[in-house]
There are 2 protein chains.
Amino acid sequence: MASTVRTTPLDEQLTALLAVEDLTGMNALLADAAPEELAPALERLTPKRRAVAFRLLPKDRALAVFEEFSPALEGDLVQSLRDSEVAALFAGLEPDDRVQLLDELPAALAPRLLRDLTPKERELTATVLGYPKGSIGRRMSPEYVSVRAEHTAREALERVRVRVDDAETVYTLPVLGAERHVEGVVSLRDLMRAAPGTPVAELMVEAVVAAAEEDDETAARRCAERGLLALPIVDSETRLVGILTIDDAVRVLQEEESEDVARQGGVEPLRRPYLSTPIREIVSSRIVWLLVLAIGATLTVQVLSVFEETLEQVTVLALFVPLLIGTGGNTGNQAATTVTRALAIDDVRPRDLCRVLSREFRSGLLLGALLGLLGFAIAALVFEPAIGLVIGLTLVAVCTMASTVGGVMPLVARAIRVDPAVFSNPFITTFVDAIGLVVYFLIARAVLGL
Amino acid sequence: MASTVRTTPLDEQLTALLAVEDLTGMNALLADAAPEELAPALERLTPKRRAVAFRLLPKDRALAVFEEFSPALEGDLVQSLRDSEVAALFAGLEPDDRVQLLDELPAALAPRLLRDLTPKERELTATVLGYPKGSIGRRMSPEYVSVRAEHTAREALERVRVRVDDAETVYTLPVLGAERHVEGVVSLRDLMRAAPGTPVAELMVEAVVAAAEEDDETAARRCAERGLLALPIVDSETRLVGILTIDDAVRVLQEEESEDVARQGGVEPLRRPYLSTPIREIVSSRIVWLLVLAIGATLTVQVLSVFEETLEQVTVLALFVPLLIGTGGNTGNQAATTVTRALAIDDVRPRDLCRVLSREFRSGLLLGALLGLLGFAIAALVFEPAIGLVIGLTLVAVCTMASTVGGVMPLVARAIRVDPAVFSNPFITTFVDAIGLVVYFLIARAVLGL
């Protein structure tokens, strides 16, 4: 066959590597290949192989090659990139490999790849796009109507009328410049308000955008809080790749909210309505956390057994254990809840650690002082002044410690990329319980001279 | 003066009652007055008195009288109804009096009353409208563009073009029939899509609406969950009184969310960003809860002192106290969190009490069995079988109890009109702690034969 004669090593090497699913090897090979040989080599591969090879190209080259292809071939490529086998191949990659191997797709291609897919198909295809799980790139819609700054209001409105059926929204229109760069957005309302001849350039406003790899909650919150009907989603060079509409943004936020609320209560979020979730699933959404916490709580058993002797001497000390650790836990949770929420709505950022630390330390101290006084008074009356002193001092110490730990934990969680909601409340309680007990008995020994 | 000659007792009586701010009396008097004498009598009052008297009229009569008035007088009335003194007078009423005295305002009047007001002024005027605090009536906007079913798409679009400036949204248009009845909604998009001659009747869809006195969170959630850009707000006869746009709906939901999250952690929501809230305020947002819970926790001290003797005999029992009540608290919180959330998103309703009860009982039993087995094994190994048995049995009992109580509490809270978020988690912990200890020591006594 003529083609076999002209065969260059490149496409054969690619075929060989693909046979053993060595994507890393292909990636390296493609990175070194001379641009001029890429297009012809890829054209010679079977559609699926071509798709895989193409996807492994660095962004700039991918664009160059894509533009080399004939329209027919472009169409094929889009089809094969959507192919479930191809998708599965990339889905199989470790997330971090994926980041290394998959450069962003050219903005010119991404929307075409996602268009006319069901959300489910889209989710699958998103893996091919290389947008990480939980990124807004997986939630965006490619169905938008864009206009150009040089259009007149009339022309823009005409575009809307033509595209009105297959667009997610026509109320907020991204204004695109050369190479799909987002230059601004214009609202349908302003287009209708304006004189037909007015250029879009005069009507558009600066665009609030989100990057496709950005965390979906952050992007959704931005959309919701600015009261925007739609948020253009862009690639690293602010080229338009999709759009997030307010209703999808709200959906994202509600999911996140359910998750946070659940985690804060130490439960895994349920996948379906409570009443239709089988008991088995409810139990499994709770058991893991309960075990973790129970195991954590064995710490308290060990602590207490260390002080067992002290307990035998002064059994009355045991009476206050639940009260003291309970108060500690509550103070910790209060601090954690406040800071976690502040983090979620961006009132606080990890770099505010020191400020949060000092605020929670002072709050805790103040709370401890108030409760301590009360505790001292009551315990001194009901039992004896010495006991009162122990209780009072412990309350001050425990509240200060709990509030500080509780306030800082969420920031630590965020810093080490754990959902603050998970990490904070349940952990704090367990942690605070153990430390609290140590403090309690040390103070007791000191005061009662044991 | 001529007018004095024609003075009928009615307006004099009204004046007299108003002098002593006896709104109840006025209300009764107006309810009995013959319709034909109402309009003339009101016309003779001073603007502010007229406003107050008018506001106290039953809805149907108010409408009749309003239509009697000359346009000029209508304008005056709207003005004086907005008057801060008048508003203050009604704001002074007890909420329940208000409900008794203030019938809804005629739908024809409500939007006029709210138009062109700042949110602050609107909030004040809302008291005159008689919409309860926390109702969507206080959040709605009167700036909407409405169309009629018999309009053609062209006519409707023309209306939009004219009103585009002073409308909150032009993307969702309520379709009004006789007497402002909401017959449906039509989207700007469908108007643009349709042939110019198409009647709105063919383009409109059934309207999802909210009643003005409906809870704002419920209404906002409906708007957000259906992905609607705007929700018409109607009176008890589905007459349009305002509109809720998605961005306002999102704002409402976010406020509610912050509140729930805070309450669940036993803190009062902060009024401003965390970092800019004075320590004093942070402390006061926490101290009340801490005190309540601490006082609740004294229960545990009492329980333990009852069993002090048992403790002295077997000090080892004290070692498990934090572990056991901790686990109980966690199980309770898990159940409470799940059910509270389910309530919030309407997955569960108060009448589902029995189903929730049985589900949480079974879940708790299962969780308890799992943890109990583990607890038994460990405690039996480390200490002795008898202790293991006590721990195991207690875990079963405590988990079952905690999960059931935790699941039911939020429903109880909702039933007695307390925010479930407040009532559940912190309370459960305290409650479960006390009961848990009793169970623990009873089991211990039985098993160890003390």
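Everything quoted here is computed from the prediction, not taken from an experiment.

Novice: How should the overall build of chain A be read in this particular structure?
Specialist: A count of helices and strands for chain A gives 24 helices and six strands. Among the 450 residues that make up chain A, the fraction classed as buried is 56%. For chain A, the proportion of contacts with a sequence separation of at least 24, taken over those separated by at least 6, is 67%. Working note: accessible area of chain A is about 18,400 Å², and carbon and sulfur atoms make up 59% of it.

Novice: What am I meant to see in a nonpolar patch on the surface here?
Specialist: Residue and element names in this part refer to chain A. On the surface, a cluster of nonpolar side chains totalling about 480 Å² of accessible area is made up of Leu374, Ile378, Leu381, Val382 and Phe383. Tracing the backbone through its elements, the reader meets Ile378 in helix 21 (residues 353–382). Given a relative accessible area of 45%, Ile378 falls into the partly exposed group.

Novice: Looking at this structure, how should I read the interface of chain A and chain B?
Specialist: A common measure of how large an interface is: the accessible area buried when the components associate. Listed by partner, the interface residues are 96 residues for chain A and 97 residues for chain B. Buried area between chain A and chain B, both sides added, is near 8,400 Å², and the carbon and sulfur share of it is 66%. Counting every contact that joins chain A to chain B gives six salt bridges. The salt bridge involving Arg286(B) is made with Glu360(A); its shortest N-O contact spans 2.8 Å. Applying the counting rule to chain A against chain B returns 31 residue pairs in polar contact (both at pLDDT 80 or more). Among the elements that make up the side of chain A that touches chain B, the one with the highest residue count is helix 17 (residues 279–306) of chain A (16 residues).

Novice: Looking at this structure, I do not really get the pattern of salt bridges. What am I missing?
Specialist: Charged atoms that come close allow side chains of opposite charge to pair. Residues and elements named next belong to chain A. Scanning the entire structure with this criterion turns up 39 salt bridges over all chains. The shortest N-O distance in the salt bridge between Lys59 and Asp235 comes to 2.9 Å. Here Asp235 lies in the loop between strand 5 (230–234) and strand 6 (240–245) and Lys59 lies in helix 6 (residues 59–68), a separation of 176 residues in the sequence. You can call Lys59 buried: its relative accessible area is 7%.

Novice: Would you mind going over the sheet that holds strand 2 (residues 172–176) of chain B with me for this structure?
Specialist: Strands belonging to one sheet form pairs held by backbone hydrogen bonds; the direction of such a pair is parallel or antiparallel. All names here are of chain B. Taken in spatial order, the three strands line up as 1-2-3 in an open sheet, and their pairing is mixed. The two strands at the open ends of the sheet, each matched to only one other strand, are strand 1 (147–148) and strand 3 (182–187). In this sheet, strand 3 lies alongside strand 2 in antiparallel orientation, the contact comprising five bridges. By the bridge assignment, Val175 is partnered in strand 3 with Gly184.

Novice: Is there a simple way to explain the packing of helix 2 (residues 9–19) of chain B against helix 3 (residues 23–32) of chain B in this structure?
Specialist: Between two packed helices, both the angle of their axes relative to each other and the distance between the axes serve to describe the pair. Residues and elements named next belong to chain B. In the contact formed by helix 2 and helix 3, the axes pass within 8 Å of each other and the chain directions differ by 160 degrees. The angle between helix 2 and helix 3 places the two elements in the roughly antiparallel class. Handedness of the crossing formed by helix 2 with helix 3: left-handed. Facing Leu10, Gln13, Leu14, Leu17 and Leu18 of helix 2, the residues of helix 3 in contact are Leu23, Gly25, Met26, Leu29 and Leu30. The residue inventory of the contact of helix 2 with helix 3, partitioned by class, reads eight nonpolar, two polar and no charged.

Novice: Where do I start with the pairing of strand 3 of chain B in this structure?
Specialist: Within a regular strand, the side chains alternate between the two sheet faces. Among the six residues of strand 3 of chain B, five are classified as buried, and the element is accordingly described as predominantly covered. Here strand 2 of chain B folds back onto strand 3 of chain B, and the loop between the two strands holds five residues, one of which, Glu179(B), carries a positive phi near 55 degrees.

Novice: Just to check I follow, could you spell out the environment of Pro232(B) for this structure?
Specialist: All names here are of chain B. Residue placement: Pro232 occurs in strand 5 (residues 230–234). As a C-alpha pair, Pro232 and Leu101 span 131 residues in sequence and 26 Å in three-dimensional space. Residues within four places of Pro232 in sequence aside, it is in contact with Val185, Val208, Val209, Ala210, Leu240, Gly242 and Ile243.

Novice: Is there a simple way to explain the confidence of the model for chain A in this structure?
Specialist: If pLDDT is low for a region, its predicted coordinates should not be looked at in detail. All names here are of chain A. The share of residues in chain A with pLDDT of 70 or more is 95%, and the mean pLDDT across the chain is 86. In this model, residues 1–7 is a region of pLDDT below 50 whose contacts with residues beyond four sequence positions or in other chains number two contacts. Across the interface, the model reports ipTM at 0.73; the global pTM reads 0.75.

Novice: When you look at the sheet that holds strand 6 of chain A in this model, what are you seeing that I'm missing?
Specialist: Residues and elements named next belong to chain A. Here three strands make up an open sheet; going across it, the order is 4-5-6 and the pairing mixed. The outermost strands of the open sheet, each flanked by one partner alone, are strand 4 (210–211) and strand 6. Pairing analysis gives five bridges linking strand 5 to strand 6, with the strands arranged antiparallel. Of the residues in strand 6, the one forming a bridge with Val234 is Leu240. Helix-sheet contacts for helix 15 (residues 216–225) involve strand 4, strand 5 and strand 6, and the interaxial angle to strand 6 is about 60 degrees.

Novice: Explain the pairing of strand 2 of chain B to me, please; I cannot follow it from the model alone.
Specialist: Of all five residues making up strand 2 of chain B, five are buried, and the element is well covered by its neighbours. Residues Thr172(B), Pro174(B) and Leu176(B) of strand 2 of chain B are buried on one face, and the alternating residues Leu173(B) and Val175(B), pointing to the opposite face, are buried as well.

Novice: What's the story with the domain arrangement of chain A in this structure? I'm lost.
Specialist: You can read the domains of chain A as domain 1 (10–132), domain 2 (147–264) and domain 3 (278–448). Here the C-alpha centroids of domain 1 of chain A and domain 3 of chain A sit 53 Å apart.

Novice: Could you clarify how one ought to interpret unusual backbone geometry in this entry?
Specialist: Working note: non-glycine residues mostly have negative phi, and peptide bonds are mostly trans. All names here are of chain A. Positive phi is not limited to glycine here, since Glu21 has a value of about 55 degrees. Looking at where Glu21 falls in the secondary structure, it is placed in the loop between helix 2 (9–19) and helix 3 (23–32). Overall, Glu21 belongs to the exposed group, its relative accessible area being 53%. Positioned with a positive phi, Glu179 is a non-glycine residue whose angle comes to about 50 degrees. Along the polypeptide, Glu179 turns up in the loop between strand 2 (172–176) and strand 3 (182–187).

Novice: How should I be thinking about the relation of the copies chain A and chain B in this particular structure?
Specialist: Each of the two chain copies can be generated from the other by rotation about an axis followed by a shift along it. Superposing chain A onto chain B takes a rotation of 179 degrees combined with a translation of 0.1 Å along the rotation axis, leaving an RMSD of 0.3 Å. Such a combination of rotation and displacement between the chain copies is what one expects of a two-fold axis. The overlap is high: 100% of the interface residues of chain A also sit at the interface in chain B, so the same surface is used on both sides.

Novice: When you look at the packing of aromatic side chains in this model, what are you seeing that I'm missing?
Specialist: For any pair of aromatic rings, the description rests on two quantities: the centre-to-centre distance and the angle between the ring planes. Evaluation of the coordinates by the stated rule reveals eleven aromatic pairs over all chains. Between Phe320(A) and Phe383(A) the ring centres are 5.2 Å apart and the planes differ by 70 degrees, which places this aromatic pair in the edge-to-face class. Placement of the pair is Phe320(A) in the loop between helix 19 (316–319) and helix 20 (321–344) and Phe383(A) in the loop between helix 21 and helix 22 (385–415), with a sequence separation of 63 residues. Residue classification places Phe383(A) among the partly exposed residues on the basis of a relative accessible area of 31%. Taken together through their ring pairs, the aromatic side chains of Phe54(A), Phe66(A) and Phe69(A) make up a single cluster. In this structure, Arg359(A) packs its charged tip against the face of Tyr274(B), placed 5.3 Å from the ring centre.

Novice: Even after reading the chapter, I still don't get the layout of surface pockets, so can you show me in this structure?
Specialist: A probe matching the size of a water molecule, rolled over the atoms, marks out where space remains unfilled. Here the largest pocket is characterised by a volume of approximately 1,600 Å³. Those elements that place two or more of their residues in the lining of the largest pocket are helix 20 of chain A together with helix 15 (216–225), helix 16 (246–264) and helix 20 (321–344) of chain B. Of all the elements, helix 16 of chain B adds the most residues to the lining of the largest pocket, at nine residues. Looking at the lining of the largest pocket residue by residue, the classes come out as 17 nonpolar, eight polar and 25 charged.

Novice: Whenever I open this one, the nonpolar core confuses me. Can you help?
Specialist: Nonpolar side chains tend to gather and get buried jointly when the protein is soluble and globular. Membership of the largest hydrophobic core comes to 163 residues, with the highest contact counts inside it found for Leu23(A), Phe54(A), Leu188(A), Leu23(B), Phe54(B) and Leu188(B). If we ignore the near neighbours within four places in the chain, the residues touching Phe54(B) are Leu42(B), Ala62(B), Val65(B), Phe66(B), Phe69(B), Leu77(B), Leu81(B), Leu105(B) and Leu109(B). In terms of nonpolar packing, the next biggest core, distinct from the first, is built from 66 residues, Val301(A), Ile287(B), Ile325(B) and Ala379(B) among them.

Novice: Please clarify how helix 17 of chain A should be interpreted in this entry.
Specialist: Given 3.6 residues to a turn, an α-helix orients residues that are three or four positions apart in the same direction. Between its terminal C-alpha atoms helix 17 of chain A stretches 40 Å, which fits the 40 Å expected from 28 residues at 1.5 Å a residue. Where helix 17 of chain A bends most, the angle comes to about 30 degrees, and this point is Arg286(A).

Parameters and conventions
- Residues numbered from 1 in each chain as written.
- Chains lettered and ligands numbered in written order.
- Predicted model: local features only at pLDDT ≥ 70, side-chain atom pairs only at ≥ 80, totals over all residues.
- Heavy atoms only, no water.
- Helix = DSSP H or I, 4+ residues; strand = E, 2+ residues; numbered from the N terminus.
- Buried < 20%, exposed > 50% of the residue type's maximum accessible area, 1.4 Å probe, protein only.
- Contact = heavy atoms within 4.5 Å.
- Areas by Shrake-Rupley, 256 points an atom, 1.4 Å probe, with all protein chains shown as cover.
- Patch = residues over 30% accessible without salt bridge, like charges linked within 9 Å, V, L, I, M, F, W, Y side chains within 5 Å.
- Salt bridge = Lys/Arg side-chain N within 4 Å of Asp/Glu carboxyl O.
- Buried area = accessible area lost by both parts, 1.4 Å probe.
- Polar contact = N/O pair within 3.5 Å; in protein donor to acceptor, adjacent residues only side chain to side chain.
- Pairing = 2+ DSSP bridges.
- Axes fitted to C-alpha atoms, helices over the stretch in contact; angles between N-to-C directions.
- Parallel < 35°, antiparallel > 145°, perpendicular 65-115°, else oblique.
- Left-handed = near helix turned anticlockwise from the far one by under 90°.
- Nonpolar A, V, L, I, M, F, W, Y, C, P; charged D, E, K, R; others polar.
- pLDDT = per-residue confidence, 0-100.
- Domains from an automatic or database assignment.
- Least-squares fit on C-alpha atoms with pLDDT ≥ 70 in both.
- Phe/Tyr/Trp six-rings, centres within 6.5 Å; stacked < 30°, edge-to-face > 60°.
- Lys NZ or Arg CZ within 6 Å of the ring centre and 35° of its normal.
- 1 Å grid on protein atoms, 1.4 Å probe; cavity = no way out; pocket = protein on both sides within 12 Å on 5 of 7 lines; lining within 4 Å.
- Points joined across faces, edges and corners; volume = space filled by probe spheres on them.
- Core = buried A, V, L, I, M, F, W, Y, C linked by side-chain atoms within 4.5 Å.
- Expected span 1.5 Å × (residues − 1).
- Bend = angle between axes of the 7 residues up to and from the residue.

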